[in-house]
There are 2 protein chains.
Amino acid sequence: MRGTVGELGEFGLIRELTSRLTTTRAVRLGPGDDAAVVAAPDRRVVASTDVLLEGRHFRRDWSTAYDVGRKAAAQNLADIAAMGAVPTALLLGLVVPADLPATWPNELMDGLRDECQVAGAAVVGGDVVRGDTITVAITALGDLRNQDPVTRSGAQPGDVVAVTGWLGWSAAGHAVLARGFRSPRAFVEAHRRPEPPYHAGPAAAGLGATAMTDVSDGLVADLGHIAEASKVRIDLRSGDIDIPSQMSDIAQAVGVDPLQWVLNGGEDHAIVATFPPDVKLPARWKVIGEVLNPSALPHVTVDGAPWTHGGWDHFGEGTGAE
Amino acid sequence: MRGTVGELGEFGLIRELTSRLTTTRAVRLGPGDDAAVVAAPDRRVVASTDVLLEGRHFRRDWSTAYDVGRKAAAQNLADIAAMGAVPTALLLGLVVPADLPATWPNELMDGLRDECQVAGAAVVGGDVVRGDTITVAITALGDLRNQDPVTRSGAQPGDVVAVTGWLGWSAAGHAVLARGFRSPRAFVEAHRRPEPPYHAGPAAAGLGATAMTDVSDGLVADLGHIAEASKVRIDLRSGDIDIPSQMSDIAQAVGVDPLQWVLNGGEDHAIVATFPPDVKLPARWKVIGEVLNPSALPHVTVDGAPWTHGGWDHFGEGTGAE
């Protein structure tokens, strides 16, 4: 324990934070200069930015700093994977109150570092400023390894829709936490620390995915982005979407339809993609729907009908952390 | 006028913001997907992140949203140039209160876009979330064009220290604004909208610069980073540092030593570098000191003596925007 970030000072805190980092071969110049230098082997770099705010995207009484770091990194690295790229690097813009114990940003950095390691990336730089609300702004970079990026706009009528990773676990964990419980732990842990299937993104690109995204706003909402960009309709078959029995049990206990968690819950960062109908998918992909011609129906339907429970709008009136 | 950002909603605001953007040849995939794709012609990418907070780094009553955009972009693009790289792209993480008029982020984006154009770059992506304090987190990317990055650690005893760009103008403008005045406009404008000499960074790399940085914390403080990283002492000759007569006039009017603005004032984003003694520098570079062996004196001295007025620590107790 070294007191607060205010006592450490800007340069002291930066020194502590950077001392915790590890590196990779892709990092040509790490933290400590005006900018970092990262390998971009195929002459392109994939880049994505996300911002997390305390109270809105995480709560310190629900998640440790380490978990916030894991989650913040995962959220951004999943965006890179969802383009079909391999994550290489992460930059951190951090706002911290002066009276925050220095352990908090240190443990945040440990979480960022460890999640980067899972994905094969490294933290290469950042900025720390003093402010009232803890704010974690992350930029992730990635390498397409000579494959074309898989955008949201390439889905074709006749394609299949397939998903890999977890769906609804974070939402179920949130429901548990919001009711004051700390278990079942598997769901609470899934809310605190998502596990995106990073490898599946580049693999899907190699398998010929026509469109891809990670599930951050909810399956229906994120497939809506694909359907809108691709000018198609996507129909999901609810019977093909697995709902674990444990999730059904919690849903019953709290009185909600678990399909709502699976179809609307974001933050698990599953990867969902469309593929030509003759694709041979590895076992961990599950086909859950198909791409159709656009119609008068909404962009995404479930069993042929509109799905009326909306996704998450980050400017809507949330109820605390989500 | 379309009301507030809360009324527009997340996706509406993102649509407005991205509709204002322009692109360049380096942008392979712009905003609207999980991530952007940017050219990295020499198989490396330079990346840097900075965070600006309302009240701390800008004030809405002193600067328009457009000026904040220009300044936020300039600050980050200057970091790229200070590595010897050409800026290519910028990503924005933006926190805005729901009751903020939508014109504010729109004009911010116009400023980011226009400053990017000055530097040859483009805004390629971002994230917008709702929060209490306007927060502008920027990541800039750049292309080294087959040159080695110029770090802070290569200065050698015997090298000359040279600077290009503006020094002390932003600090003088801040002093004017802090006293409730809005003129002389040249200095107020310099505070609102710095003009980093972007081209000078890659040019200095080509001229054999041994170490380089942009002046963001103040000349003495930033040269201190070079001296520390290079394990040298840097001595500045105050007589070789130009102080414009207008600046002397303001300094006299407000009762400060203008050398303090020039040596401690940050935010103009001049570029300062060390070069081998036989270098032939273009006319816009000014030699202001030399690199010496380390000694018992501080890392940076002025006319051979310690310079006692400190630089800026972002965790220290500031007096409003700086």
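None of these values were measured; they are calculated from a predicted model. (Residues numbered from 1 in each chain as written. Chains lettered and ligands numbered in written order. Predicted model: local features only at pLDDT ≥ 70, side-chain atom pairs only at ≥ 80, totals over all residues. Heavy atoms only, no water.)

Attention now goes to the overall build of chain A. Helix and strand counts for chain A come out as nine helices and 13 strands. Rg of the C-alpha trace for chain A: 20 Å, near the compact-globule value of 20 Å for 322 residues, within the 12% margin. For the C-alpha atoms alone, the extent of chain A along its principal axes is close to 60 × 50 × 30 Å. Scored against the burial criterion, the 322 residues of chain A give a buried share of 61%. Between the mean site of the 27 positive side-chain charges and the mean site of the 40 negative ones, chain A shows a separation of 5 Å. (Helix = DSSP H or I, 4+ residues; strand = E, 2+ residues; numbered from the N terminus. Rg over C-alpha atoms; globule rule 2.2 N^0.38 Å. Buried < 20%, exposed > 50% of the residue type's maximum accessible area, 1.4 Å probe, protein only. Lys, Arg positive; Asp, Glu negative; His and termini not counted. Charge placed at Lys NZ, Arg CZ, Asp CG, Glu CD.)

All names here are of chain B. The full count for this structure, using the stated rule, is 32 salt bridges over all chains. In this structure, Asp110 engages Arg20 in a salt bridge whose closest nitrogen and oxygen atoms are separated by 2.7 Å. Placement of Asp110 in helix 3 (residues 103-119) and of Arg20 in the loop between helix 1 (5-19) and strand 1 (27-29) is noted, with a sequence separation of 90 residues between them. We classify Asp110 as buried; its relative accessible area is 13%. Classification of Arg20 by relative accessible area gives partly exposed; the value is 27%. Between Glu54 and Arg60 there is a salt bridge, with the nearest N and O atoms lying 2.9 Å from each other. Classification of Arg60 by relative accessible area gives partly exposed; the value is 37%. (Salt bridge = Lys/Arg side-chain N within 4 Å of Asp/Glu carboxyl O.)

A word on the sheet that holds strand 13 (residues 305-306) of chain B. Residues and elements named next belong to chain B. Judged by pairing direction, the sheet is mixed, and its seven strands sit side by side in the order 8-10-7-11-9-12-13 without closing on themselves. Each of the sheet's edge strands pairs with one partner strand only, and the pair in question is strand 8 (211-214) and strand 13. In terms of strand pairing, strand 12 (residues 300-302) meets strand 13 through two bridges, oriented antiparallel. Of the residues in strand 13, the one forming a bridge with Thr301 is Pro306. (Pairing = 2+ DSSP bridges.)

Turning our attention to unusual backbone geometry. Of note, the bond from Ser183(A) into Pro184(A) is cis; its omega dihedral lies within 30 degrees of zero at 5 degrees. Locating Pro184(A) in the fold gives a position in the loop between helix 4 (169-178) and helix 5 (185-192). The backbone of Asn146(B) shows a phi angle near 70 degrees, a positive value even though the residue is not glycine. As for its position among the elements, Asn146(B) is in the loop between strand 6 (135-143) and strand 7 (160-164). Positive phi, close to 55 degrees, is recorded for Lys231(B), a residue that is not glycine. Secondary-structure assignment places Lys231(B) in the loop between helix 7 (219-230) and strand 9 (233-236). The exposure class assigned to Lys231(B) is exposed, which follows from its relative accessible area of 64%.

With that out of the way, let us pick up the sheet that holds strand 5 (residues 122-130) of chain B. Across the sheet, which stays open at both edges, the six strands sit in the order 1(A)-2(A)-3(B)-6(B)-4(B)-5(B) with mixed pairing between neighbours. Each edge of the sheet is formed by a strand with only one pairing partner; in this case those strands are strand 1 (27-29) of chain A together with strand 5 of chain B. Within the sheet, the average angular offset between the axes of one strand and its neighbour, ignoring direction, is 25 degrees. In this sheet, strand 2 (residues 36-39) of chain A lies alongside strand 1 of chain A in antiparallel orientation, the contact comprising two bridges. Its bridge partner being in strand 2 of chain A, Leu29(A) is matched across the sheet by Val37(A). Relative to strand 5 of chain B, helix 1 of chain B is tilted by about 165 degrees, and along the sheet it contacts strand 4 (86-96) and strand 5 of chain B. Along the sheet face, helix 3 of chain B touches strand 4, strand 5 and strand 6 of chain B and points at about 170 degrees away from the line of strand 4 of chain B. (Axes fitted to C-alpha atoms, helices over the stretch in contact; angles between N-to-C directions. Contact = heavy atoms within 4.5 Å.)

A separate point is helix 8 (residues 245-254) of chain A. Residues and elements named next belong to chain A. For helix 8, the complete set of buried residues consists of Met247, Ile250 and Ala251. Viewed end-on, helix 8 has its buried residues packed into an arc of 100 degrees, placing them on one side of the element. Exposed side chains of helix 8 directed beyond 90 degrees from the buried face belong to Ser245, Gln252 and Ala253. Buried residues in helix 8 make contact with helix 4, helix 5 and helix 9 (258-264). Following helix 8 by one or two positions, Gly255 adopts a phi angle in the positive range, close to 75 degrees. (Arc of directions from axis to C-beta.)

Looking now at the UniProt feature "binding site: ATP" (unreviewed entry) in chain A. The feature "binding site: ATP" (unreviewed entry), as annotated in UniProt, sits at Gly126(A), Asp127(A), Arg152(A) and Ser216(A) in this numbering. With the annotated positions falling across 91 residues, the maximum pairwise C-alpha distance of 31.3 Å shows that they are not confined to a single cluster. Along the polypeptide, Arg152(A) turns up in the loop between strand 6 (135-143) and strand 7 (160-164). According to the relative accessible area criterion, Arg152(A) is buried, its value standing at 15%. For Arg152(A), the contacting residues outside a window of four places in its chain are Ala211(A), Met212(A), Thr213(A), His225(A), Ile226(A), Ala229(A), Ser230(A), Gly32(B), Asp33(B) and Asp34(B). Among the polar contacts listed, one links the side chain of Arg152(A) to the backbone oxygen of Gly32(B), at a separation of 3.4 Å. Inspection of the secondary structure puts Ser216(A) in the loop between strand 8 (211-214) and helix 7 (219-230). Aside from chain neighbours lying at most four places away, what touches Ser216(A) is Asp222(A), Gly266(A), Glu267(A) and His269(A). (UniProt positions renumbered as here; feature names shortened; annotations may be inferred. Polar contact = N/O pair within 3.5 Å; in protein donor to acceptor, adjacent residues only side chain to side chain.)

Now for the interface of chain A and chain B. Listed per partner, the contact involves 66 residues of chain A and 66 residues of chain B. Of the roughly 5100 Å² buried where chain A meets chain B, counting both sides, 57% is carbon and sulfur surface. Here chain A is connected to chain B by four salt bridges. For Arg152(A), the salt bridge is made with Asp34(B), and the minimal N-O distance between the two is 2.9 Å. Our count for the contact surface shared by chain A and chain B stands at 21 residue pairs in polar contact (both at pLDDT 80 or more). (Buried area = accessible area lost by both parts, 1.4 Å probe.)

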